[in-house]
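# Residue-level structure breakdown
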There are 2 protein chains.
Amino acid sequence: MQIAATERTKVRRQPKRANYDRALVHAILDEALTCHVGFAIEGRPWVIPTIHARIDDRLYLHGAVTNHMLRSLTGGIEACATITLIDGLVLARSAFHHSMNYRSVMVFGRATLVADGPEKLAAFDALVEHVVPGRTADARPPSDAEIRTTLVLVLPIDEASAKVRAGGPIDEPDDIALDVWAGQLPLTTTFGAPIAEPDSNGTLPAYIAGYHRP
Amino acid sequence: MQIAATERTKVRRQPKRANYDRALVHAILDEALTCHVGFAIEGRPWVIPTIHARIDDRLYLHGAVTNHMLRSLTGGIEACATITLIDGLVLARSAFHHSMNYRSVMVFGRATLVADGPEKLAAFDALVEHVVPGRTADARPPSDAEIRTTLVLVLPIDEASAKVRAGGPIDEPDDIALDVWAGQLPLTTTFGAPIAEPDSNGTLPAYIAGYHRP
């Protein structure tokens, strides 16, 4: 299913890399550990790295009530959440045509505050499960005080687009014969050996021992 | 050497994680492959993922002249460049205290266009060398037309701060004894086996075979 392009989400630069497929947008959001949320205060931009979670067509963000960004967003400021996965370096014969392989998503919209209640609890769980699937079954659930002092915001995934680059370099025809190595260097995120706290009582869960992104 | 904190760069949330050391800010900028640049057009935020390069106290960005962001920035719009390195997942006994280890930098300022000339050429080289150190010695240098059709912007690294989290979870005292595994899952970026183009003539360079970030 396609997301309708708008003035903001219509990809103008390298439009052949654009993709409005909802399933692809969701898959990129789900794989990424973090996003970068932008907002403007008196016309001046801020970009904050934060974790996110998706439930259906909604993107959730959270933070403590003292958080500068979240207090601003709840005032009704427009937000732009950008999610970027880097898949590799692309080495062309010419400096100019060097590139990266990537999958990115931009979501534009007005983030609104989620009131205390079932949606807020579901968002808390989704935020933990987004980073470590299976974790909410083990971790101590949030207390009433923890819920109260944490803001949760929801951004509808209505105005969104993906941009994807894959494959090798696109060199100028005249450069192909140059005696310069050309190709790709794939890049992945690797998770190392878990480090238990000295006073950890639990046994290492399977979802940590075998941790991987979707 | 410390960078003086301003109203924008003074870290309010988790201030003990703040760091204004210029060498640390530079090291984070140099290690990251990409940054997220935010700007506002008519009060509405945009966040664009892009590569960057640093020369001394200057952050360089680039793009084709048709690029939406760069055309906006050259008009004199304020920018915020945020760079984030994720070092690991932090698993607490409580859902609430889950976290990530990270190193991030925010640079605020007014990006200005770099005119054609030696600084622009140095920035081109720096952008390639930032991603693949050693590459400019092999790649075909930019032609006059490529230089002309690419905008380079410079953002002074004057108003900037770093934020760093490291180490295990900080649990509530009452939660320590819970039968829940607690600890860290370290995360690194791994580079795979290089994939040569079928028509690549050059031999695999040492800087690709042994590629690593600084």
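Remember, predicted model here, so these are calculated numbers, not experimental data.

### Some remarks on the overall build of chain A
A tally of helices and strands in chain A yields 5 helices and 12 strands. Principal axes of the C-alpha set define a box for chain A whose edges measure 65 × 45 × 35 Å. Buried residues in chain A amount to 41% of all 214 residues. Nonlocal contacts in chain A, meaning residues at least 24 apart in sequence, comprise 72% of its contacts between residues at least 6 apart.

### A look at the interface of chain A and chain B
Interface size is commonly expressed as the accessible surface area that is lost when the partners come together. At the interface, 76 residues of chain A touch 76 residues of chain B. Of all the secondary-structure elements, those providing two or more residues to the side of chain A that touches chain B are strand 2 (35-41), strand 3 (44-50), strand 6 (78-91), helix 3 (118-131), strand 11 (183-191) and strand 12 (195-196) of chain A. A total of 9 residues in the side of chain A that touches chain B trace back to one element, the largest contributor, which is strand 11 of chain A. The pairing of strand 12 of chain A with strand 11 (residues 183-191) of chain B spans 2 bridges and is classified as antiparallel. Within strand 11 of chain B, the position partnered with A:A196 by the bridge is B:G183.

### Some details on helix 1 (residues 22-31) of chain B
Of the positions making up helix 1 of chain B, those classed as buried are B:V25, B:I28 and B:L29. Summarising the axial view, the buried residues of helix 1 of chain B lie within an arc of 100°, below the 170-degree limit, and thus occupy one face.

### As for the nonpolar core
Generally speaking, a soluble globular protein has its nonpolar side chains buried in company with each other. Residues A:A81, A:V105, A:V107, B:A81, B:V105 and B:V107 are the most contacted members of the largest nonpolar core, which totals 107 residues. With sequence-adjacent residues up to four places away left out, B:V105 is seen in contact with B:V25, B:I28, B:L29, B:I83, B:A160 and B:A162.

### What to know about the environment of A:F191
By secondary structure assignment, the location of A:F191 is in strand 11. The sequence separation of A:F191 and A:F108 amounts to 83 residues, and the corresponding C-alpha distance is 31 Å. Residues in contact with A:F191, not counting those within four places in the same chain, are A:Y211, B:L185 and B:L187.

### Section: the confidence of the model for chain A
The pLDDT averaged across chain A works out to 92; a share of 94% of its residues lies at or above 70. Model confidence for the complex: the whole-complex pTM is 0.94, and ipTM, which rates the interface, is 0.94.

### Digging into the environment of A:A182
In this structure, A:A182 sits in the loop between strand 10 (159-165) and strand 11. In sequence terms A:A182 and A:Q2 are 180 residues apart; their C-alpha atoms lie 35 Å from each other. Apart from residues no more than four positions distant in its own chain, A:A182 is found in contact with A:L91, A:A92, A:R93, A:P169, A:D171, B:E197 and B:S200.

### Some points on the environment of A:V25
Residues and elements named next belong to chain A. Among the structural elements, V25 can be located in helix 1 (residues 22-31). You can call V25 buried: it has 24 C-beta atoms within 10 Å. Separated by 22 residues in sequence, V25 and I3 place their C-alpha atoms 9.2 Å apart. The contact partners of V25, leaving out residues within four places of it in the chain, are I3, V105, I157, A160 and A162.

### Remarks on the relation of the copies chain A and chain B
Under the fitted operation, chain A is carried onto chain B by 0.0 Å of movement along the axis and a turn of 180°, and the coordinates agree to an RMSD of 0.0 Å. In symmetry terms, the pair is related by a two-fold rotation axis. Both copies contact each other with a shared surface, as 100% of the interface residues of chain A are interface residues in chain B too.

### Section: unusual backbone geometry
All names here are of chain A. The backbone phi angle of D56 is positive, close to 55°, even though this residue is not glycine. In this fold, D56 is placed in the loop between strand 4 (52-55) and strand 5 (58-64). Residue classification places D56 among the exposed residues on the basis of 7 C-beta atoms within 10 Å.

### Considerations on the pairing of strand 2 (residues 35-41) of chain B
Residue and element names in this part refer to chain B. Burial of strand 2 is extensive: 6 of the 7 residues sit out of reach of the surface. Counted between consecutive antiparallel strands, the loop separating strand 2 from strand 3 (residues 44-50) contains 2 residues, among which E42 sits at a positive phi close to 50°. Relative to strand 6 (residues 78-91), strand 2 runs antiparallel, the two sharing 3 bridges. Bridge assignment links H36 to a residue of strand 6, and that residue is T82.

Conventions we followed
Residues numbered from 1 in each chain as written. Chains lettered and ligands numbered in written order. Predicted model: local features only at pLDDT ≥ 70, side-chain atom pairs only at ≥ 80, totals over all residues. Helix = DSSP H or I, 4+ residues; strand = E, 2+ residues; numbered from the N terminus. Buried ≥ 20, exposed ≤ 12 C-beta atoms within 10 Å, placed from the backbone. Contact = placed C-beta atoms within 7 Å. Pairing = 2+ DSSP bridges. Arc of directions from axis to C-beta. Core = buried A, V, L, I, M, F, W, Y, C linked by C-beta atoms within 7 Å. pLDDT = per-residue confidence, 0-100. Least-squares fit on C-alpha atoms with pLDDT ≥ 70 in both.

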